[in-house]
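A structural walkthrough
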Amino acid sequence: MRSLVLVEHKNERVEPVTRNTIKAAQILGYEITALIVGDRVEKVAKEVAETLAVSKVLVAKHSFLCHQLSEQVAQLLKSIVKRDSYSHVWAPGSTYGKNILPRAAASLNVQPVSDVVQVVDKDTFVRPIYAGNALATVQYISQEGPRVLTVRPSAFPVSESGPCSSKADILYVQDELLSELAESSTRFEGETVSKSGRPELGSAKIVVCGGRALKSAKNFQMLDSLADVLGGAVGASRAAVDAGFVPNNLQVGQTGKVVAPDLYIGVGISGAIQHLAGMKDSKTIVAINTDPEAPIFQVADYGLVQDLFTAIPAFEEEIKKLQRA
Amino acid sequence: MKILVAVKRVIDYAVPVRVKADKSGVEALLPKMSMNPFCEIALEEAVRLKEKKFVSEILAITLGPAGVQDVLRHALGLGADRALHVVSEQELQPLAVARLLAAVAKRESVGLALLGKQAIDDDSNQTGQMLAALLDWPQATFASKVEIDTSVPSKMRAVVTREVDGGLQTLSMELPAVITADLRLNTPRFVSLPNAIKAKKRQIEQLSPDSLGVEIVPQLRTVEVNAPPLRNAGTRVSNVAELVERLHNEARVL
């Protein structure tokens, strides 16, 4: 029995969701190999080998893998899983993992399990269905084939990482295996990456989310400012994204990012099922809304019925006061 | 070019669900079924590609027992040219669905398969990717924009903008390909009454997994379905100062 974890990375650094995935894989207690796919990945390989609890680091390095396109990564995963007979294959349940893992699973003739939130045993996993309104326990009944799993990162929190007690060995995938990869007609044409100096939404300890009631992109700056004082990230409801106030990658919800921070603050968010699915596992939930009947108050630990345009500046002031004290 | 659009019948997105007492699954609190919203977006995109003359025929397909056919009527009303129903009483997991779709895609020589990125009942987000693997076609998941590049007529390409965690990514690929639709790809139109009436009279082609040469062997068993842990009802605070005080002293998160 052994696990293979597909590392999500951005060439310079490992994405935090990879750590959550390894945390989930560790529950079974099997030896874990981390697979890194890309072009300039030496730095990432070093980071994984030195700071993650894995026993081996496998690196597939080639210029045509630089954008980690699903066609090649899935094929590579298949070849490596077959060659080394892994019993479990894991990836983060991010857009990266969800793009690649089902493709690899189908070519291995395996029905994968998406968004694992609990590892029961080697064949049994719990996953949310119906936007998190139910939790299904599913079990592999087929004896053959690896178990192929994507992990809901927020369900496997990790503490700050330090160096590991022992360094893992770094092995490179041989050229023979890479040269077998079929050419794909897919071309990377470009990307628009939204950058901010704030913590990443999926792993931030504090998340401030805004809804349509903010009325404009400009008003969202109030939340940026509050998030900066708190050292948190900014998110948004689908309504706010659809209205064009913020880019899509800030969306929290069933179809956006799922967050579970220590503190979630919903500002001008009514609390559609779709949005609740993305934040209701947060430890402490604060809702600020003028409508006392807004559904978000049903899941909020602390509800404040007040106009956000007066509440948010006052909130920021109070926090600054607290920080000075 | 023929285009294949898979459509799934699900509990309407606005209807609350609860876990059944015997933990075998969920039940809807209102008897309202609809087309999965992401499938509807995929179908709308297919209709728009047809309006732009890139597509000659839209094939809508659904799978499941007899009762799922109304979703095909809806698809015909929205602009599908043909409706296919793969009749199966068995539980169809995404891999089985992908196999059946792959068999139809080959038989019908489709040039593009457009699917929703996920169904809002099981939230698996797998079928499109698996279909692409089985057909050995390129894929573009989470599409928020689709364009067809016909500059080389013998090698038409799809240019797809994808909603990824960090922002937006644009890929292009030769057709045939599989594209899965995200929320912001388009806003689906409504079915007009005359179209809905016409759709009622249209023929639905029936197929069976056997006739497609696909054997359905589920690999997963649902052991039980549980309700998520309930949150305790919270408290209302009267002002910002009280909120911050409570977050600091009671919840200890500030």
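Residues numbered from 1 in each chain as written. Chains lettered and ligands numbered in written order. Predicted model: local features only at pLDDT ≥ 70, side-chain atom pairs only at ≥ 80, totals over all residues. Heavy atoms only, no water.

Next up on the list: the overall build of chain B. From N to C terminus, chain B includes six helices and 15 strands. Its C-alpha atoms give chain B principal-axis dimensions of roughly 70 × 45 × 40 Å. Evaluated residue by residue, chain B yields a buried proportion of 54% over its 254 residues. Within chain B, counting contacts between residues at least 6 apart in sequence, those at least 24 apart form 67% of the total. On chain B, roughly 11200 Å² of surface is accessible, and the fraction owed to carbon and sulfur atoms is 52%. (Helix = DSSP H or I, 4+ residues; strand = E, 2+ residues; numbered from the N terminus. Buried < 20%, exposed > 50% of the residue type's maximum accessible area, 1.4 Å probe, protein only. Contact = heavy atoms within 4.5 Å. Areas by Shrake-Rupley, 256 points an atom, 1.4 Å probe, with all protein chains shown as cover.)

On to the UniProt feature "domain: Electron transfer flavoprotein alpha/beta-subunit N-terminal" (unreviewed entry) in chain B. Residues annotated by UniProt as "domain: Electron transfer flavoprotein alpha/beta-subunit N-terminal" (unreviewed entry) correspond here to residues 23-216 of chain B. Secondary structure within residues 23-216 of chain B divides into 29% helix and 31% strand; the distance between the first and last C-alpha atoms comes to 25 Å. (UniProt positions renumbered as here; feature names shortened; annotations may be inferred.)

Before going further, it helps to spend a moment on the interface of chain B and chain A. Counting residues at the interface gives 75 residues for chain B and 82 residues for chain A. Counting each side, the surface lost to burial between chain B and chain A is near 6700 Å², with a carbon and sulfur contribution of 54%. In terms of surface lost to chain A, no three residues of chain B exceed Asp165, Gln219 and Arg231 of chain B, which account for 12% of the buried area on that side. Put simply, arginine 184 of chain B and aspartate 242 of chain A hold a salt bridge, and the shortest N to O gap is 3.0 Å. Inspection of the region where chain B meets chain A yields 50 residue pairs in polar contact (both at pLDDT 80 or more). Looking at the side of chain B that touches chain A, the element that brings in the most residues is strand β11 (residues 167-174) of chain B, giving eight residues. Taken together, the residues of the side of chain B that touches chain A sort by class into 36 nonpolar, 21 polar and 18 charged. The pairing of strand β11 (residues 187-193) of chain A with β11 of chain B spans six bridges and is classified as antiparallel. Bridge pairing in β11 of chain B links glutamate 191 of chain A to glutamine 169 of chain B. (Buried area = accessible area lost by both parts, 1.4 Å probe. Salt bridge = Lys/Arg side-chain N within 4 Å of Asp/Glu carboxyl O. Polar contact = N/O pair within 3.5 Å; in protein donor to acceptor, adjacent residues only side chain to side chain. Nonpolar A, V, L, I, M, F, W, Y, C, P; charged D, E, K, R; others polar. Pairing = 2+ DSSP bridges.)

Residue and element names in this part refer to chain A. Here strand β2 (residues 31-38) pairs with strand β3 (residues 56-61) via six bridges, running parallel. In the sheet register, isoleucine 36 faces β3, and the bridge partner there is valine 59. In terms of handedness, the path from β2 via helix α2 (residues 42-51) over to β3 forms a crossover that is right-handed. (Right-handed = clockwise from strand over helix to strand, strands pointing away.)

Let us now look at the environment of valine 15 of chain B. Residue and element names in this part refer to chain B. For valine 15, the position within the fold is in the loop between β2 (9-11) and β3 (17-19). Looking at valine 15, the relative accessible area reads 7%, which means it is buried. The spatial distance from the C-alpha of valine 15 to the C-alpha of leucine 243 is 33 Å, given a sequence separation of 228 residues. When neighbours within four sequence positions are excluded, valine 15 is seen to be in contact with Ala28, Leu29, Leu30 and Lys32.

Taken as a whole, helix α6 (residues 220-230) of chain A has its buried residues at Phe220, Leu223, Leu226, Ala227, Val229 and Leu230 of chain A. Looking one or two residues beyond α6 of chain A, the residue adopting positive phi is glycine 231 of chain A, at roughly 70 degrees.

Residue and element names in this part refer to chain A. Buried within α2 we find Val44, Ala45, Val48 and Ala49. An end-on view of α2 places all buried positions within 130 degrees of arc, on one side of the element. Of the surrounding secondary structure, the elements contacted by the buried residues of α2 are β2, β3 and β10 (169-172). (Arc of directions from axis to C-beta.)

Attention now goes to unusual backbone geometry. All names here are of chain B. Backbone torsion omega between leucine 175 and proline 176 reads 5 degrees, so that peptide bond is classified as cis. Along the polypeptide, proline 176 turns up in the loop between β11 and β12 (177-181). The backbone of aspartate 123 shows a phi angle near 50 degrees, a positive value even though the residue is not glycine. By secondary structure assignment, the location of aspartate 123 is in the loop between β8 (112-116) and α4 (127-135). Unusually for a residue other than glycine, aspartate 136 sits at a positive phi of about 60 degrees. Within the secondary structure, aspartate 136 sits in the loop between α4 and β9 (139-149). On the basis of relative accessible area, aspartate 136 is assigned to the exposed category, the value being 63%.

Right, let's get into the sheet that holds β8 of chain B. Consider a sheet: its strands pair through backbone hydrogen bonds, and that pairing is either parallel or antiparallel. An order of β11(A)-β11(B)-β10(B)-β9(B)-β12(B)-β8(B)-β1(B)-β6(B)-β7(B)-β13(B) is seen for the ten strands of this open sheet, with the pairing classed as mixed. Taken across any chain shown, the strands that pair with only one partner, and hence form the sheet edges, are β11 of chain A together with β13 (205-207) of chain B. Each strand of the sheet is rotated relative to its neighbour by a mean of 30 degrees, with strand direction disregarded. Lying on the sheet, helix α4 (residues 95-107) of chain A is in contact with β9 and β10 (157-164) of chain B; it crosses β9 of chain B at an angle near 85 degrees. (Axes fitted to C-alpha atoms, helices over the stretch in contact; angles between N-to-C directions.)

Looking now at the pattern of salt bridges. Close approach of charged atoms lets side chains of opposite charge pair. All chains considered together, the criterion is met by 39 salt bridges over all chains. One salt bridge connects lysine 122 of chain A with aspartate 123 of chain A, and the closest N-O pair in it is separated by 3.0 Å. For aspartate 123 of chain A, a relative accessible area of 15% corresponds to the buried category. With a closest N to O distance of 2.9 Å, aspartate 262 of chain A and lysine 283 of chain A form a salt bridge. In this pair, aspartate 262 of chain A sits in the loop between α7 (238-242) and β14 (263-267) while lysine 283 of chain A sits in the loop between α8 (273-276) and β15 (284-289), placing the two residues 21 residues apart along the sequence. We classify aspartate 262 of chain A as partly exposed; its relative accessible area is 27%. In this structure, a network of salt bridges that share partners links the residues Lys2, Glu57, Arg82, Glu108 and Glu205 of chain B.

This part covers the packing of helix α9 (residues 308-324) of chain A against helix α6 (residues 240-249) of chain B. Packed helices, taken two at a time, are described by the angle their axes make and the gap between the axes. The contact between α9 of chain A and α6 of chain B brings their axes to 9 Å, and the two run at 45 degrees. On the basis of the axis angle, α9 of chain A is oblique to α6 of chain B. Here the hand of the crossing between α9 of chain A and α6 of chain B comes out right-handed. For the pair formed by α9 of chain A and α6 of chain B, the contact residues are Ala311, Ala314, Phe315, Glu318, Ile319 and Leu322 of chain A on the first element and Val240, Ala241, Leu243, Val244, Leu247 and His248 of chain B on the second. (Parallel < 35°, antiparallel > 145°, perpendicular 65-115°, else oblique. Left-handed = near helix turned anticlockwise from the far one by under 90°.)

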